[in-house]
Amino acid sequence: MGISSKDSGPGGIRSALGPFGLWIAAALVLAVMPTIFSSPVSVTIMNQMGISIVFALSYNMLLGQGGMLSFGHAVYFGLGGFLSVHVMNYVEYDGWPIPLPILPFIGGLFGLVFAIIIGSFSTRRAGTVFAMISLGVGELIAACSIIFVVFFGGEEGVSGDRTMGPPVFGTEFLKEIEVYYLTAVIVFVAAALMYLFSLTPAGRMANAVRDNPERAEFVGYSQRQVRFISFCASGFFAGIAGGLFAINYEILTEENLNLVTSGWVLLMAYIGGIGFFIGPIIGAILLTLLQTVLSNHTELWLLYVGLLFVLTVMFVPSGLTGLIMMHEPALRTGRLPNLARPYLVAGIPLLVALAGGVAVLEMLHHFNNAPVGDTVAHVFGMAVDTHNPANWAVAIAVTVFGAYATVRATPQVREAWSEANDFSGKAEDR
Amino acid sequence: MELVIFSLLNGLVTGLLLFMLSSGLTLIFSMMGVLNFAHASFYMLGAYFAYTISGYMGFWGGLIFAPLLVGVVGALIQRYGLRYVHRWGHVAELVFTFGLAFLIEEVVQFFWGKATKDYHEPELLDFPLFTLFGQSFPAYKAFMILISIGIFIALLAMLTRTRVGLIIQAAITHPNTVANLGHNVPLVFMGVFGVGSALAGLAGVIAGPALGTFPGMAFVLGSIVFVVIVVGGLGSLAGAFVASLLIGWLQTFAISLDYSMTDLLNLLGISFDDEHVLRDLWTLSLPQVAPILPYLLLILILIFRPTGLMGKRET
Amino acid sequence: MSTPALSLEDVRKDFGETQIIRGVSLEIGAGERHAIIGPNGAGKSTLFHLISGKYSKTAGRIRLNGEDVTTLEPYAIARRGLSRSFQITNIFPRMTVFENLRCGLLWSMGFKYAFWKLVGRQKNLTQRTEEILEMIGLADRRDIQAGVLTYAEQRTLEIGITIAGGANVIMLDEPTAGMSASETDQTVELIRRVTEGKTLVMVEHDMGVVFDLADRISVLVYGEIIATGKPEEIRNNKAVQEAYLGEAPEEEPPADGGTV
């Protein structure tokens, strides 16, 4: 990986646009998105993506930047959100003059406070012990949320109304699109701040402690202190994400604190790629799409996500971003097109095999669970009779054939790959 | 009085169950340095396999074959999954086992559905063992206690008195030396992982009828097992035993002792406003707090005795 | 006599039943170049770990510039002016050479845990890092990921990180291990340059290096120092010769062709 790269800090493709180019492009994309995808559903999905991006980036401050695996990160997200909803209610019923855009910041502060308290004893150890502690603390707080009804609202959670605050530049945030622009601004600022953090002494030493805690100590840094600071910072930004969630959905429940949410953010960061700053962003976007769009087309979407996750951990631990970045040397030396044909030859059968596999699973699921008399499953938009053995034969055959063709094509891909990455000889290629 | 006896017995059932799970986990952790997040998932698989098998062979068939099946599944996962992921490092291993837990839950839901399964104890054991002051103690729970203790004695004997057991003990601390002596250490690892998983599966087989057989059962018990491990001290079997019983009794007594802060405050002559902001605290009752007691214990241990009750030095 | 830079008073270390360090007492003066030699398994690296704070001491005291540092954590000892390298190269493999050195400088230049300053914008930090880069001769490897450097380059980088923070007591654990003759000569020159005016404590197996650099030598055998003194005294010491069991100290002529 990375033979030579200037400023290889948090990672990122060296673009011709220069250091700020990527950020300007991102800002433009954020501004323009709603005009391209203008349906209310799309805007809702984009808002969800924004929240997930901040949440996943905050998580990666721990995992990717600091090497700390946490199973309880939802705590800071949820607590920030709960406080934000309560503030919304104070604004509504007691007339507190707090404009809505301030809310995420308040959520962030609350997350920070709890990160300081919990970090004081949980960052003493790293690695497996830290992970177990985070799990225990997460479960503790999730369980407490059922008990302390005043703050957590019990089973129904706490809800509020975002439109009751003082108007900001004339809007009362009645429309989803107004919420989008607020979210977009906050997401941009939060992401920028988190990126800048990684370039500070605290952030650089977080990387150092992650890679070689012993060495970091011998250059004068207490690994415990470094971890603690990363922990607090990530709690702050998770709280901001929680505040954004409160603004968007106007309700927080125990679900937002529990292991499911904590696990989900781990999935987003890991599938996206924890070794790159942009990784969690990609993971958040992808998983939000799967959660919102895919879930409409199949009941098995979580199973597919689970499979994707396990396969990623096993075979592509650097995540989607890592997979893309692996092509950078080939891109720079102009050898990328050489990979196109082998990828097609192996990729198409692979897609066919996957399609077949999905068909089998969907049919099986329908067969097992549909009420008596309902024999028609909907697979890829087609109506399929699950009681007809011919359909089963076709699905299985397609899967097997696709898998076989993929395996046959793999040596080709391997050969093309090693050729594209062979830098031992020809210097004139550079 | 009867409350104490029943709570002691019920707590013993829970504690022994926890130990059955945490002992396998500890053994695997000591040997391979991997904390298997999916360990509780094997517990769940045990219950579900037993449910299905018992449909054809009765409860006893499930009792024998389900743990074996789970052990095989565990060994295969170790051989083809965990061993492969090992090259990506410790964090990746832990994340892999987490993903596995997630995936197994989805797969269970795929094959068995989301509803709780009607997996119940055999008729042979479906009677009250004894009755004290109107409350009866089911024979099935006594059966659970007996099986747990029996398995532990068998395991202890195997570990300390057989050749295989000695090899395992050695491989835990000095895998390279054992390999140099000609033993197939990867096979030992796979075997231990398989046995550990089978143990978890067995716990599921006997707990399923008592605690319920549903897809969420792994995550519910899983977190508590990890608390047990940390409280007892990572890598310590004795610590896991003590912590399991401690937490089992702690929870059981808390649930059955229906006292609350209100009682305490009334005793002191203090009363409070029903709409007070902190009313949750004032009305806190022991049964309410029972689910979070293990986690509170975890935090206390972490603050005052971070290596656990009987912890060894960090690996 | 002025305060010794480093003093060990009857330091002991047991691992369970085994006594690894059995009462080591040593005083190293400020500005002295001191080598610790001894057969394999004598406990040289353990002694280093004890001094730098990685291991706790079973008994005894260690003083750095007069201050008792026996129970301090490694980072606290590092902050008080003691820096060390490792027998097995210990750098930050994912960072570039430049970033590695910069990390070595951060604390000593007062940046601490600041999260409101960007390292890229600190001119004095960048300048100092470039200086050290020049000093250790790795300027042309500035932006290469440390993990892909050659072995000798990594060892050099390690020395660079060790001296970057301006510590006045430098401990080097087998700095020339695994190097060819020419690499060794270059490293010796580097060490001589960068430890100018500082106290150097060195574990070494290469006797040529030892006799080239050291003002005084201590011989550690089975956790005890059996002799301390100037190089000539040590060479002629019967006990030392016996301890090496016929392993005569290497008669490698020094690089400049003169006699030792």
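Along each chain, residue indices are assigned from 1 in the same order as the chain's sequence is written. Lettering for chains starts from A, numbering for ligands starts from 1, and both go in the order in which the items are written. Totals for whole chains, interfaces and linings use every residue, but because this is a predicted model, local features are given only for residues with pLDDT of at least 70 and side-chain atom pairs only at 80 or more, for both listing and counting.

Let's talk about the overall build of chain C
Only DSSP runs of H or I covering at least 4 residues are called helices, and only runs of E covering at least 2 are called strands; the numbering of each starts at the N terminus. A tally of regular secondary structure across chain C gives 9 helices and 10 strands. Judged by the C-alpha coordinates and their principal axes, chain C covers about 60 × 45 × 35 Å. The exposure label follows from counting other C-beta atoms within 10 Å of a residue's C-beta, where the C-beta atoms are placed from the backbone and the thresholds are 20 or more for buried and 12 or fewer for exposed, leaving partly exposed in between. For chain C, with 260 residues in total, the buried portion stands at 43%. Of the contacts made within chain C by residues no fewer than 6 positions apart, 66% connect residues no fewer than 24 positions apart. Note that contacts rest on C-beta atoms placed from the backbone: two residues are in contact if these are within 7 Å.

Section: the overall build of chain A
A count of helical and extended segments in chain A gives 17 helices and 4 strands. Here the globule rule reads 2.2 Å times residues to the power 0.38, and the radius of gyration is calculated from C-alpha atoms. Here chain A has a C-alpha radius of gyration of 24 Å; the compact-globule value for 430 residues is 22 Å, and the two agree. Principal-axis analysis of the C-alpha atoms places the extent of chain A at approximately 65 × 65 × 45 Å. Relative to its 430 residues, chain A shows a buried fraction of 46%. Taking contacts inside chain A between residues at least 6 apart in sequence as the whole, the part at least 24 apart equals 78%.

What to know about the domain arrangement of chain A
When the parts come together, some accessible area is lost, and that loss is often what is quoted as the size of the interface. Taken domain by domain, chain A consists of domain 1 (24–317) and domain 2 (328–421). Domain delimitation in this document rests on an assignment produced automatically or drawn from a domain database. Each of domain 1 of chain A and domain 2 of chain A has a C-alpha centre, and the two are 34 Å apart.

Focus: the sheet that holds strand β3 (residues 33–37) of chain C
Residues and elements named next belong to chain C. For two strands to pair, DSSP has to find at least two bridges joining them. Pairing is mixed across the open sheet formed by 6 strands, whose spatial order is β6-β7-β8-β3-β9-β10. If you trace the sheet from one side to the other, it starts and ends with β6 (82–84) and β10 (224–229), each paired once. Strand-to-strand twist across the sheet, computed as the mean angle between neighbouring axes with direction ignored, equals 15°. Bridging between strand β9 (residues 216–221) and β10 involves 5 bridges; their strand directions are antiparallel. Note that in β10 the partner of isoleucine 217 across the bridge is glycine 229. To define axes, lines are fitted to C-alpha atoms, for helices over the stretch in contact only, and angles between the resulting N-to-C directions are given on a 0 to 180 degree scale.

Observations concerning the pairing of strand β1 (residues 6–15) of chain C
Consecutive side chains of a regular strand alternate in pointing toward one face of the sheet and then the other. Residue and element names in this part refer to chain C. Two elements, β1 and strand β2 (residues 18–28), share 8 bridges in a ladder whose sense is antiparallel. Note that in β2 the partner of serine 7 across the bridge is glutamate 27. The hairpin formed by β1 and β2 contains 2 residues between the paired strands, and glycine 16 there has a positive phi angle of roughly 65°. Across 5 bridges, β1 lies against strand β4 (residues 59–64) in antiparallel orientation. Across the sheet, the residue bridging to serine 7 is arginine 63, located in β4.

So, the packing of helix α2 (residues 39–85) of chain B against helix α8 (residues 217–232) of chain B
All names here are of chain B. The geometry of α2 relative to α8 is characterised by a closest axis approach of 8 Å and an angle of 140° between their N-to-C directions. The orientation of α2 relative to α8 falls into the category oblique. Our pair here, α2 against α8, has a crossing hand that is right-handed. Contacts between α2 and α8 involve His39, Ala40, Ser41, Tyr43, Met44 and Ala47 from the first element and Met217, Ala218, Leu221, Gly222 and Val225 from the second. Amino acids outside the nonpolar list (Ala, Val, Leu, Ile, Met, Phe, Trp, Tyr, Cys, Pro) and the charged list (Asp, Glu, Lys, Arg) are all regarded as polar, and Gly is one of them. Here the contact of α2 with α8 is composed, by residue class, of 8 nonpolar, 3 polar and no charged. An angle below 35 degrees is read as roughly parallel, one above 145 as roughly antiparallel, one from 65 to 115 as roughly perpendicular, and any other as oblique. With the far helix as reference, a near helix turned anticlockwise by less than a right angle produces a left-handed crossing, and one turned clockwise produces a right-handed crossing.

A word on the interface of chain B and chain A
Taken together, the 38 residues of chain B in the interface contact 35 residues of chain A. Elements represented by at least two residues in the side of chain B that touches chain A include exactly α2, α3 (90–112), α8, α11 (279–282) and α13 (293–304) of chain B. With 13 residues, the single largest contributor to the side of chain B that touches chain A is α3(B). Its residues placed into classes, the side of chain B that touches chain A shows 29 nonpolar, 6 polar and 3 charged.

A word on unusual backbone geometry
Residues and elements named next belong to chain C. Phi angles above zero are rare outside glycine, and asparagine 65 is one such case at about 50°. Topologically, asparagine 65 is positioned in the loop between β4 and β5 (67–68). We classify asparagine 65 as partly exposed; it has 17 C-beta atoms within 10 Å. The backbone of glutamate 174 shows a phi angle near 50°, a positive value even though the residue is not glycine. Secondary-structure assignment places glutamate 174 in the loop between β7 (169–173) and α6 (181–194).

Overview of the confidence of the model for chain C
Looking at chain C, pLDDT values average 87 and 93% of them are 70 or higher. What the predictor reports for the complex is a pTM of 0.90 with an ipTM of 0.89. Note on scores: pLDDT gives the predictor's confidence for each residue, bounded by 0 and 100.

Some thoughts on the sheet that holds β5(C)
All names here are of chain C. Strand order in the open sheet formed by 4 strands is β2-β1-β4-β5, and the pairing between neighbours is antiparallel. Of all strands in the sheet, those bounded by a partner on one side alone are β2 and β5. The sheet contacts of helix α1 (residues 44–52) involve β1, β2 and β4, and relative to β2 the element is tilted by about 65°.

Some remarks on the interface of chain C and chain A
Across the contact, 36 residues belong to chain C and 29 residues belong to chain A. The set of elements that each furnish at least two residues to the side of chain C that touches chain A consists of α2 (74–79), β6 and α3 (97–106) of chain C. Examining the composition of the side of chain C that touches chain A, we find that 4 residues originate from one element, α2(C), more than from any other.

Some thoughts on α3(B)
Because each turn of an α-helix spans 3.6 residues, side chains separated by three or four positions end up pointing in the same direction. Between the first and last residue of a helix there are one fewer steps than residues, each counted as 1.5 Å, and that sum is the expected span. In this model α3(B) runs 33 Å from its N-terminal to its C-terminal C-alpha over 23 residues, within 8% of the 33 Å that 1.5 Å per residue would give. B:Gly113 sits one or two residues past α3(B) and shows a positive phi near 80°.

Here we look at helix α5 (residues 151–164) of chain C
All names here are of chain C. Taking 1.5 Å per residue as the helical rise, α5 with its 14 residues ought to reach 20 Å, and the 20 Å between its terminal C-alpha atoms agrees with that figure. Of all 14 residues in α5, 10 are buried, a share of seventy percent or more. Taken together, the buried positions of α5 are Arg155, Thr156, Leu157, Glu158, Ile159, Gly160, Ile161, Thr162, Ile163 and Ala164. On its buried face, α5 sits against β6, α3, α4 (123–135), β7 and α6. Positive backbone phi, approximately 75°, marks glycine 166, located one or two places after α5.

Overview of the pairing of β7(C)
Residues and elements named next belong to chain C. The buried fraction of β7 is high, at 5 of 5 residues. Burial along β7 is two-sided: Val169, Met171 and Asp173 facing one way and Ile170 and Leu172 facing the other are all buried. As paired strands, β6 and β7 are joined by 3 bridges and run parallel to one another. Considered in β7, the bridge of arginine 84 is made with methionine 171. Here 5 bridges tie β7 to strand β8 (residues 199–203), and the two strands are oriented parallel to one another. Note that in β8 the partner of valine 169 across the bridge is threonine 199. Each parallel crossover has a hand, and for β7 linked through α6 to β8 it is right-handed. Handedness of a crossover: with both strands directed away from the viewer, a clockwise path from the first strand across the helix to the second marks it as right-handed.

Looking at the confidence of the model for chain A
For chain A, mean pLDDT is 88; residues scoring 70 or higher make up 94% of the total. Every residue in residues 1–13 of chain A is under pLDDT 50, and counting partners more than four places away or in other chains gives 23 contacts.

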